[in-house]
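Remarks on the overall topology
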Amino acid sequence: MKNSPISARIIGLGAYTPAKVLTNADFEKMVDTSDEWIMSRTGIKRRHVVGDSGEAASDLAIAAARDAIAAAHISPEEIDLILIGTVTGDMKTPSTAVIVQKALGAMNAAAMDINAACVGFLYGLTTAKAFIESGMYKTVLVVGVEVLTSITNYQDRTTCVLFGDGAGAAILRREDTANTGILSAYIAADGSHTQLLYVTAGGSRQKVTVENMNNGSTGIYMNGSEIYKFAVRNMEDAAKRVIADAGIKPEDIDLVIPHQANIRIIDSLAKRLHVPDEKLFVNIQEYGNTSSASIGIAMVEAQQQGRMKKGDLVLLLSFGGGLVWGAILFRM
Ligand code: ACO
């Protein structure tokens, strides 16, 4: 349990997903797959994608951030730090965070991107908590945003059916009360598994060439079944750590929001943690895997559906390429 008299509290949430939708029937026309395979193996029915709308990661992030700022009843000038979890930023440089800063008019904020794959949002929330509890900053904007379709290989049926685009945002604010807001956070990494999920070309190791583009090296490679095993085990461990650290009873948790990557992973995790259906939030059927955006989007929907209310104890869990994983326990 934390001893700090300062808490980092989530005071506003926002989300944005593009209008265009790709259904399983659309994928049946693109690759050798079926609605039955996709539904039974992943739980995904639809995904929202930028398509040819011209939207980039910052456009999605700005829309989600504006909603979060409005919900928090603050002005953009009050934001001290902007953290953007993404692996699909607008450009290599500058960061997507500075593009968002300018668009929001958050000119008093420092700004940076965090690359932690699907755990980018939880890495961001944890970093925000640390900055707030240290006394350095009062108000932090955290966004998880991905345009995964920009690095999806649409010839690879084992990955292309999984991914969607979107953004989720949260405003965190310092509160001078102990034991509220984020009660406990745990983020972890194991770089000995980099071979399980990567994009080969486009970095300093391998440049983008016509050959790389044609052979799929600019798209995501993923060993899904190996990641699957790590995902359940590591999220279970992370959950137990934050529950023990916060000194709460597991049954006191009102809602569990896991990263929306695969319904079978979510179900196995819920079984291991003894989470009943009514305490588990799932929206993978509508969005697919939106990587670092998935938890923020789910939080907004949970709030809109009355499933995440003020005072509720909420557990967030995620895992992703790296491998990286983490958990956050907070009082809404
Ligand atoms: N349609 C039809 N058949 C398919 C498809 C498809 N879209 N994709 C794969 N198959 C086939 C395979 O070719 C294989 O056929 P074979 O037995 O003849 O070789 C068979 O289905 C089984 O393939 P598996 O890969 O073993 O299927 P699995 O049950 O593991 O499901 C999946 C694959 C959905 C990818 C799963 O492993 C998974 O979700 N893993 C976790 C991935 C994940 O969540 N990653 C998170 C990080 S993502 C990020 O960071 C951006």
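Cut-offs used in this document
The residue numbers shown here count from 1 along each chain, following its written sequence. A pLDDT threshold of at least 70 governs which residues receive local features in this predicted model, and a stricter bar of 80 or more applies before side-chain atom pairs are shown or counted, although totals over entire chains, interfaces and linings include all residues. The basis for every side-chain value is the complete set of heavy atoms in the structure, and neither hydrogens nor water enter the calculation. Summary of the distance rule: residues count as near a molecule or strand when at least one heavy atom falls within 4 Å of that molecule or strand. As used in this structure description, the phrase polar contact means that two N or O atoms lie within 3.5 Å; if the pair is within protein, one of them must be able to donate a hydrogen and the other to accept it, and residues adjacent in sequence are counted only when both atoms belong to side chains. Only the protein chains shown count as cover for residues, with accessible areas throughout obtained via the Shrake-Rupley method and a probe of 1.4 Å. Helix and strand definitions here come from DSSP, where helices need a minimum of 4 consecutive H or I residues and strands a minimum of 2 consecutive E residues; each element is numbered from the N-terminal end. Lys, Arg, Asp and Glu make up the charged group, whereas Ala, Val, Leu, Ile, Met, Phe, Trp, Tyr, Cys and Pro make up the nonpolar group; the residues left over, Gly among them, are polar. Note: domain ranges come from an automatic or database domain assignment. Three exposure classes are used, based on accessible area relative to the maximum for each residue type with a 1.4 Å probe and protein chains only: buried under 20%, partly exposed in between, and exposed over 50%. Every residue pair with non-hydrogen atoms within 4.5 Å of one another is taken to be in contact. Axis definition: a line fit to C-alpha positions, over the contact stretch in the case of helices; interaxial angles, taken between N-to-C directions, run 0 to 180 degrees. Each angle is binned into one of four classes, with values under 35 degrees roughly parallel, values over 145 roughly antiparallel, values of 65 to 115 roughly perpendicular, and all other values oblique. We call a crossing left-handed when the near helix sits turned anticlockwise from the far one by less than a right angle, and right-handed when that turn is clockwise. Whether two strands pair depends on DSSP finding at least two bridges between them. When two rings of Phe, Tyr or Trp (its six-membered ring) have centres within 6.5 Å they constitute a pair, described as stacked for plane angles under 30 degrees, edge-to-face for angles over 60, and tilted for the intermediate range. Only Lys NZ and Arg CZ are tested; either one counts as a charge over a ring when it is within 6 Å of the ring centre and within 35 degrees of the ring normal. Here the quantity called buried area is the accessible surface, traced with a 1.4 Å probe, that two parts lose on coming together, added over both. Only one rule defines a salt bridge in this text: a Lys or Arg side-chain nitrogen within 4 Å of an Asp or Glu carboxyl oxygen.

Quick word on the site of the ligand
Inspection of the region around the ligand gives 23 residues, with T33, R41, C118, N262 and R264 positioned closest. Here T33 contributes a side-chain N or O atom positioned 2.6 Å from a nitrogen atom of the ligand. One of the side-chain nitrogen or oxygen atoms of R41 is found 2.6 Å away from an oxygen atom of the ligand. Considered on its own, the ligand offers 1000 Å² of accessible surface; in the complex 74% of this is hidden by protein. Of all the secondary structure elements, the ones that give two or more residues to the shell around the ligand are α2 (35-42), α6 (157-160), α8 (224-246) and α9 (263-273). Taken together, the residues of the shell around the ligand sort by class into 11 nonpolar, 8 polar and 4 charged. Counting residues domain by domain, the shell around the ligand receives three or more from each of domain 1 (7-177) and domain 2 (182-195 + 223-331).

Here's the deal with the environment of T42
Within the secondary structure, T42 sits in helix α2. Looking at T42, the relative accessible area reads 2%, which means it is buried. Through-space distance from the C-alpha of T42 to that of V161 is 9.2 Å; in sequence the pair is 119 residues apart. Sequence-distant contacts of T42, defined by excluding residues within four places in its chain, comprise W37, L162, N262, I263 and I284. Only 2.6 Å separates the side chain of T42 from the backbone oxygen of I38, close enough to count as a polar contact. Engagement of the side chain of T42 in a polar contact is seen with the backbone nitrogen of I44, the distance being 3.0 Å.

Overview of the packing of α8 against α9
The angle between the axes and the distance between the axes are what describe a pair of packed helices. Contact pair α8 / α9: the axes reach a minimum separation of 10 Å and the direction vectors enclose 40°. For the element pair α8 / α9, the angle class is oblique. Crossing angle aside, the handedness with which α8 passes α9 is right-handed. Contacts from Y228, A231, V232, R233, M235, E236, A239 and K240 of α8 reach α9 at R264, I265, S268, L269, R272 and L273. Here the residues of the contact of α8 with α9 sort into 8 nonpolar, 1 polar and 5 charged.

Side note on the sheet that holds strand β5 (residues 110-114)
One open sheet holds the 5 strands; their spatial order is β1-β7-β6-β4-β5, and the pairing between them is mixed. Two strands lie at the open edges of the sheet, namely β1 (7-16) and β5, each paired on one side alone. Recorded for the sheet is a direction-independent mean angle of 20° between the axes of neighbouring strands. Here 9 bridges tie β1 to strand β7 (residues 165-175), and the two strands are oriented antiparallel to one another. When the bridges of β7 are listed, A8 appears paired with R174.

Observations concerning unusual backbone geometry
Apart from glycine, the bulk of residues carry a negative phi angle, and the bulk of peptide bonds sit in the trans form. In this structure, the amide linkage connecting T93 to the following residue, P94, adopts the cis form with an omega of 5°. Locating P94 in the fold gives a position in the loop between β4 (81-85) and α4 (96-104). With an omega of -5°, the peptide bond running from G322 to L323 counts as cis. For L323, the position within the fold is in the loop between β12 (313-320) and β13 (324-331).

Brief notes about the packing of aromatic side chains
Two aromatic rings are characterised by how far apart their centres lie and by the angle between their planes. Per the stated rule, a full pass over the model turns up 3 aromatic pairs. Plain terms: the ring middles of F27 and Y154 are 6.3 Å apart, the flat faces sit at 25° to each other, and that makes the pair stacked. Separated by 127 residues along the polypeptide, F27 in helix α1 (residues 24-30) and Y154 in the loop between β6 (139-147) and α6 bring together distant segments of the chain. When its relative accessible area of 0% is taken as the criterion, F27 is described as buried. Note on Y154: relative accessible area 26%, which makes it partly exposed. Stacked on the ring of F230, the Lys or Arg R233 has its end atom at 5.3 Å from the ring centre.

Regarding the domain arrangement of the protein chain
You can read the domains of the protein chain as domain 1 (7-177) and domain 2 (182-195 + 223-331). Each of domain 1 and domain 2 has a C-alpha centre, and the two are 16 Å apart. Residue-level contacts link 42 residues of domain 1 with 41 residues of domain 2. Of the roughly 3200 Å² buried where domain 1 meets domain 2, counting both sides, 65% is carbon and sulfur surface. Broken down residue by residue, the surface that domain 1 buries against domain 2 is led by L13, C118 and L122, which jointly contribute 20%. The interface formed by domain 1 and domain 2 holds 1 salt bridge in total.

Here's the deal with the environment of I84
Along the polypeptide, I84 turns up in strand β4. For I84 and S292, which are 208 residues apart along the polypeptide, the C-alpha to C-alpha distance reads 9.3 Å.

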